[in-house]
Amino acid sequence: MQIERLVRKMVLKLQILKSIDAFPHAEEHLTQKTSSGAAVSIIGLAIMVTLFVHELMFYLTVVKVHEMSVDVKHGETLPIHINISFPAIPCSILSVDAIDMSGRHEVDVDTNIWKLRLHRDGYFLGSEYLTDLVEGQHGHDHGDAGDNHHEPGSGHTHVHSLGVNADKLVKEVRQALQDHEGCRVYGVLDVQRVAGNFHISIHGLSLMVAQQIFETIKQVNVSHIIHDLSFGPKYPGIHNPLDGIDRILHDESGSFKYYIKIVPTEYQFLTGHSMSTNQFSVMEYFKPLRDTDRIWPAVYFLYDLSPIIVTIKEQRRNFTHFITRVCAVLGGTFALTGMLDRWMYRLVEVATKSSKTRGILK
């Protein structure tokens, strides 16, 4: 008797459990498969697969989170990667000067700059190491580093040292100018992490040599193409606004000035590795040369550093959010296809009944 009672209780519990089943199943002989249902099923399956792949790709995409804080770095240098072509100035007279606000007079400090001779058709003729880089301020002026420009008669220029006499240099440069020879300057320039500028022109020439090469200052053509200008290594998605620009002068001469605002940046990868670099924004200004000007045309890059550092972190999206979105997409698609199937079945059923009624009346 006790065993029978236990069995009855178990059967009763099972019946109660079955009564809360949210997914009742009809017997197989009570179900009907139709061609319209098959079409809806195929379409619904294709939609679900497409949406699932889309959600999966969305989940696998790396998210970049930006944070800002005060930059507390001290004592570091600022690497400047340059790759610039000057199609109208030979390498033998082209020089690079770097000036900062520290007021230091240093020569050839952490310098790795090269010059490539360019043929008029664009191919390279040869290369040489640039050893006439000058860093520091000319004089002890503690004003804006961008205002320290060389003038032909100011005494701040220096004789271009190439190991040859001035007459031979003048002949070589004149021949290069007749052959439309240019120069590409590239390399890395390490400067103090303070506001300053670097500029590229013929400032390395003495006034006497420059006047023998060029009859007037306006003959100096600083047309240039910036292939690459950056202030540190490149991280995924970085955009350097000066890369790929060209400024070509035809019937005029003058100086180009690029005012650059550098934003220190730290990029953190998913692996935990971090990279210190810099982003920047830029404003461009061209100053045409006037007859009364005594300043050699040049290309100036005047930079200043922001006190704010930007931290960019790579992150994965939350897995629970991915599961939630997938369930919502698949469930919604399944429910929608079920509604479409019922509607199509009823439409087919109504159409079939009306055709049979017409046949009987005939």
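We now turn to the structure provided with this report. Just so you know, the residues in each chain are numbered from 1, in the order the chain's sequence is written. Local features in this predicted model are restricted to residues of pLDDT 70 or higher, and side-chain atom pairs are both shown and tallied only at a pLDDT of 80 or more, whereas totals for entire chains, interfaces and linings draw on every residue. Computation of side-chain values: all heavy atoms of the structure, hydrogens and water removed.

**Some remarks on a nonpolar patch on the surface**
Part 1 of the reasoning: Note on patches: the residues involved have over 30% relative accessible area and no salt bridge, like charges join within 9 Å, and the nonpolar side chains Val, Leu, Ile, Met, Phe, Trp and Tyr join within 5 Å. Here, Shrake-Rupley sampling with a 1.4 Å probe gives the accessible areas, and only protein chains in the shown set may cover a residue. The salt bridge definition used is simple: a Lys or Arg side-chain nitrogen within 4 Å of an Asp or Glu carboxyl oxygen. A cluster of nonpolar side chains, Leu45, Val49, Phe52, Val53, Leu56, Met57 and Leu60, forms an exposed patch at the surface whose accessible area comes to about 600 Å².
Part 2 of the reasoning: Inspection of the secondary structure puts Phe52 in helix α2 (residues 35-60). Think of it this way: any DSSP run of H or I at least four residues long counts as a helix, any run of E at least two long counts as a strand, and we number them from the N terminus.

**Thoughts on the packing of aromatic side chains**
Within a pair of aromatic rings, the relevant descriptors are the distance that separates the centres and the angle that separates the planes.
Part 1 of the reasoning: Classification of ring pairs uses Phe, Tyr and Trp, with its six-membered ring standing for Trp, and accepts pairs whose centres are within 6.5 Å; under 30 degrees between planes counts as stacked, over 60 as edge-to-face, and the remaining range as tilted. Applying the stated rule across the entire model yields eleven aromatic pairs.
Part 2 of the reasoning: When the ring of Phe52 is compared with that of Phe322, the centres are 6.5 Å apart and the planes differ by 50°; the resulting orientation is tilted. With a gap of 270 residues between them, Phe52 in helix α2 and Phe322 in helix α5 (residues 319-361) connect regions that are remote in the sequence.
Part 3 of the reasoning: The exposure class assigned to Phe52 is partly exposed, which follows from its relative accessible area of 35%.
Part 4 of the reasoning: Buried means the residue's accessible area, taken with a 1.4 Å probe over protein chains only, is under 20% of the maximum for its type, while exposed means over 50%, and partly exposed covers the values in between. Judged by relative accessible area, which is 10%, Phe322 ranks as buried.
Part 5 of the reasoning: Geometrically, the ring pair formed by Phe198 and Phe301 is stacked, given 4.8 Å between the ring centres and 10° between the ring planes. Highlighted residues: Phe198 in strand β9 (residues 196-201) and Phe301 in strand β14 (residues 298-305), separated in sequence by 103 residues.

**Considerations on a positive patch on the surface**
Part 1 of the reasoning: Asp and Glu count as negative and Lys and Arg as positive, but His and the ends of the chain are not part of the count. The atom standing in for a charge is NZ when the residue is Lys, CZ when it is Arg, CG when it is Asp and CD when it is Glu. Side chains of Arg5, Arg8, Lys9 and Lys13 sit close together on the surface and give a patch of like positive charge.
Part 2 of the reasoning: Of note, Arg8 is situated in helix α1 (residues 2-19).
Part 3 of the reasoning: On the basis of relative accessibility, which here comes to 61%, the residue Arg8 falls in the exposed class.

**Comments concerning the pairing of strand β10 (residues 224-230)**
One face of the sheet, then the other: side chains in a regular strand alternate in exactly this way.
Part 1 of the reasoning: Taken across its seven residues, β10 has five buried, putting it largely inside the fold.
Part 2 of the reasoning: Paired strands, in this sense, are two strands between which DSSP finds at least two bridges. Judged from the five bridges that link them, strand β2 (residues 77-86) and β10 form a sheet pairing that is antiparallel. By the bridge assignment, His81 is partnered in β10 with Ser230.
Part 3 of the reasoning: Across three bridges, the pairing between β10 and strand β11 (residues 245-247) is antiparallel. Within β11, the position partnered with Ile225 by the bridge is Asp246.

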